[in-house]
Structures are given as structure tokens and as C-alpha cells.
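So the chains spell out like this:
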2 protein chains.
Amino acid sequence: MRDYIENADFEETGFSYTLSLISGKYKMIILYCLMEYQPVRFNELQRYLGKISDKTLSQNLKELEKDELIHREAYPQIPPKVEYSLTERGKSLMVVLDQLCIWGTENRK
Amino acid sequence: MRDYIENADFEETGFSYTLSLISGKYKMIILYCLMEYQPVRFNELQRYLGKISDKTLSQNLKELEKDELIHREAYPQIPPKVEYSLTERGKSLMVVLDQLCIWGTENRK
DNA sequence: CAGCATCCTCTTTGATACTG
DNA sequence: CAGTATCAAAGAGGATGCTG
């Protein structure tokens, strides 16, 4: 007979950790966009994401930066210019997420 | 100079399709639990997921079943018994998602 | 252009009660 | 046990206006 399974089991998994970095409506899409087009500017991301608000995009980017998945490069000029790109850590994650893309292509209905 | 990038680009990707199947707060965790412990009963899932409500769990399971990632097997007895497990399609997706688990273990901080 | 601040909407999730 | 129905709450996300 199997042991009791409980929530603590999940929270210790690497899966739980990874999800904490990329969950939310937009983060994976942002990462995907960077993978395809980096470096990418704020406006370009906004257009790519459809109708995301400034606030939400900015918030997501900050979290991704804090988690060291993306890099923010600000050019001190007017008008401002900021470019986002993947860090090495971010790139290594995208190697895995890209498999989800392939799975989707092969298993679409 | 790069072409304009837009939202339509993303919606055509396999990535977008895959995300549509597994996005939400619980779906990936449910799939992960099934991968580890299948077959799993309703109550066991609920315990594993922490404090998910009946309604939310039931709703998520229905969607996963509709998308043919999981299989629902009901035993006609009282008290009722229902077991959930991965379909072949679900298993093939988990091969990929399991990589996220490995990435998380290796890149945890 | 790339944001921030404020306020507001609305989807997602939860709590409670009930059933075969 | 495995749900469903109803109602309420929370939190994510959106709209608008403003700034260096």
C-alpha cells in the first residue's frame, strides 16, 4: 500500500521551484519572445504580447530580472532605450521550454 | 533591420498551444502528481495540492480530460471511487515537463 | 520611449452547504 | 467518496494620466 501523499512532497521538487519562476500569464511568453528576437525593447515586447498593460509588463520584467533569467540594459539617452535579453541561466531554461514548443507543434489538434 | 514582431507570431507557435493546455495555477501540478503516483484518487490529489477547493480541482480535471491528457476511470460502487491517470498523450507531455523538474533541481538557489 | 501611480474591473479561486 | 451549486473573496490584470 502506497504512503500518504501530501503537499510537502511537491514543494520540495525542482518542478515546484521552476514553476515559481515562470508561472503567471505572461512570463513564459516573454521568455519565448526574447529567445526568438533578443535583444528586444519594451515596446516590442508589448506589441508581441498583445494587450498587456505597461504595469503588468514592467512588473513581470522586474521579477524575471530578479530571478536572473533576463538581463536589462538601459542606454542613458533621450528618448530612453532599454533592451532585454536572456541571461545564460535564462538560455538554459529556454532549452527546456523550447521542447514544449516542439511538443505543441507535434501534438496540436 | 528586423521585421515588426507581433502577437500573431506567437499565437501560431506550438508553444502557445501547449501553454493553453497546461496554464493555470494547478494543472501542471496535477499532471506531475499523476506522473509520480498514478493512478490517483480525487481525495489524494486534493491533499497533494494543498488547499484546492473541490470545485477548482474538479474543473481542472475536466479540462485536462477534455484535452485528453488524463483519463478518468469511475468505479460504479458506493462509496464512489474514481481514479485518474495519464493518457499516452499526457505521458508524452510529461517527458518534457519532467525536464523542468530537472532544471529546477540543478538551478535552485 | 520606458516607465510609475492610482484606481478600477474581472477572472480565478475559495468557502459553505448539499447530494447520490 | 466524489462531486455540484451558489455565493463571496482575492489577486491578477487593465485604463488612464503623468514624468524624465
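These notes cover the structure that comes with them. Since this is a predicted model, take the numbers as computed values, not measurements.

**Quick look at unusual backbone geometry**
Residues and elements named next belong to chain A.
Here comes step 1: For the peptide bond that leads from Ile78 to Pro79, omega is 0°, which places it in the cis range.
Here comes step 2: Within the fold, Pro79 resides in the loop between strand E2 (70-75) and strand E3 (81-86).
Here comes step 3: Backbone geometry at Glu68 places phi at a positive 60°, although glycine is not the residue there.
Here comes step 4: Its place among the elements puts Glu68 in the loop between helix H5 (54-66) and E2.
Here comes step 5: The exposure class of Glu68 is partly exposed, given its relative accessible area of 42%.

**Some points on the pattern of salt bridges**
Residue and element names in this part refer to chain A.
Here comes step 1: Within this structure, the stated rule accounts for 10 salt bridges over all chains.
Here comes step 2: Between Glu63 and Lys27 there is a salt bridge, and its shortest N-O distance comes to 2.6 Å. One end of the pair, Glu63, is in helix H5; the other, Lys27, is in helix H3 (residues 27-37), with 36 residues separating them in the sequence.
Here comes step 3: Judged by its relative accessible area of 31%, Glu63 is partly exposed.

**Considerations on the protein's contact with DNA strand C**
Here comes step 1: The environment of DNA strand C is made up of 20 residues, and the closest members are Arg41(A), Ser58(A), Tyr84(A), Tyr26(B) and Lys55(B).
Here comes step 2: Here the atoms of DNA strand C within 4 Å of the protein split so that 62% fall in sugar or phosphate, with bases taking the remainder.
Here comes step 3: Here a phosphate oxygen of DNA strand C sits 2.7 Å away from a polar atom, N or O, in the side chain of Lys62(A).
Here comes step 4: Contacts to DNA strand C include Tyr26(B), whose side-chain N or O atom sits 2.6 Å from a phosphate oxygen.
Here comes step 5: Only helix H4 (42-48), H5 and E3 of chain A together with helix H5 (54-66) of chain B provide two or more residues apiece to the surface near DNA strand C.
Here comes step 6: In terms of residue count, H5(A) provides more of the surface near DNA strand C than any other element does, four residues in total.
Here comes step 7: Classifying every residue of the surface near DNA strand C gives eight nonpolar, four polar and eight charged.

**Remarks on the pairing of E3(A)**
Residue and element names in this part refer to chain A.
Here comes step 1: Buried residues dominate E3, accounting for five of its six residues.
Here comes step 2: Where strand E1 (residues 40-41) and E3 come together, two bridges link them in antiparallel fashion. Across the sheet, residue Val40 finds its bridge partner in E3, namely Tyr84.
Here comes step 3: In the sheet, E2 pairs with E3 via six bridges, with the strands oriented antiparallel. Across the sheet, the residue bridging to Ile70 is Leu86, located in E3.
Here comes step 4: Hairpin connection from E2 to E3: five residues lie between these consecutive antiparallel strands.

**A look at H3(A)**
In an α-helix, one turn spans 3.6 residues; hence positions three or four apart end up facing the same way.
Here comes step 1: With respect to burial, H3(A) is a largely interior element, eight of its 11 residues being buried.
Here comes step 2: For H3(A), every residue scored as buried is listed here: Lys27(A), Met28(A), Ile29(A), Ile30(A), Leu31(A), Tyr32(A), Cys33(A) and Leu34(A).

**Comments concerning the packing of helix H3 (residues 27-37) of chain B against helix H6 (residues 88-107) of chain B**
In a packed pair of helices, the relevant descriptors are the angle between the two axes and the axis-to-axis distance.
All names here are of chain B.
Here comes step 1: It is at 11 Å that the axes of H3 and H6 come closest, and there the two elements cross at 100°. With respect to H6, the axis of H3 lies roughly perpendicular. Contacts between H3 and H6 involve Met28, Leu31, Tyr32 and Met35 from the former and Leu93, Met94, Leu97, Asp98 and Cys101 from the latter.
Here comes step 2: In the contact of H3 with H6, the residues fall into eight nonpolar, no polar and one charged.

**Observations concerning the layout of surface pockets**
Here comes step 1: What the largest pocket holds in volume is close to 420 Å³.
Here comes step 2: Lining the largest pocket are 19 residues; nearest its centre among them are Ser23(A), Gly24(A), Met28(A), Ser23(B) and Gly24(B).
Here comes step 3: Secondary-structure elements contributing two or more residues to the lining of the largest pocket are helix H2 (14-22) and H3 of chain A together with helix H2 (14-22) and H3 of chain B.
Here comes step 4: For the lining of the largest pocket, the residue count by class is 10 nonpolar, seven polar and two charged.
Here comes step 5: A volume near 190 Å³ is recorded for the second largest pocket.
Here comes step 6: Considering the residues around the second largest pocket, the lining is formed by Asn7(A), Phe10(A), Glu11(A), Ser16(A), Lys25(B), Tyr26(B), Ile29(B), Tyr48(B), Leu49(B) and Lys51(B).
Here comes step 7: With three residues, helix H1 (residues 7-11) of chain A is the single largest residue contributor to the lining of the second largest pocket.
Here comes step 8: Tallied by class, the residues present in the lining of the second largest pocket amount to five nonpolar, two polar and three charged.

Definitions and limits used
- Residues numbered from 1 in each chain as written.
- Chains lettered and ligands numbered in written order.
- Predicted model: local features only at pLDDT ≥ 70, side-chain atom pairs only at ≥ 80, totals over all residues.
- Heavy atoms only, no water.
- Helix = DSSP H or I, 4+ residues; strand = E, 2+ residues; numbered from the N terminus.
- Buried < 20%, exposed > 50% of the residue type's maximum accessible area, 1.4 Å probe, protein only.
- Salt bridge = Lys/Arg side-chain N within 4 Å of Asp/Glu carboxyl O.
- Near = heavy atom within 4 Å.
- Polar contact = N/O pair within 3.5 Å; in protein donor to acceptor, adjacent residues only side chain to side chain.
- Nonpolar A, V, L, I, M, F, W, Y, C, P; charged D, E, K, R; others polar.
- Pairing = 2+ DSSP bridges.
- Axes fitted to C-alpha atoms, helices over the stretch in contact; angles between N-to-C directions.
- Parallel < 35°, antiparallel > 145°, perpendicular 65-115°, else oblique.
- Contact = heavy atoms within 4.5 Å.
- 1 Å grid on protein atoms, 1.4 Å probe; cavity = no way out; pocket = protein on both sides within 12 Å on 5 of 7 lines; lining within 4 Å.
- Points joined across faces, edges and corners; volume = space filled by probe spheres on them.

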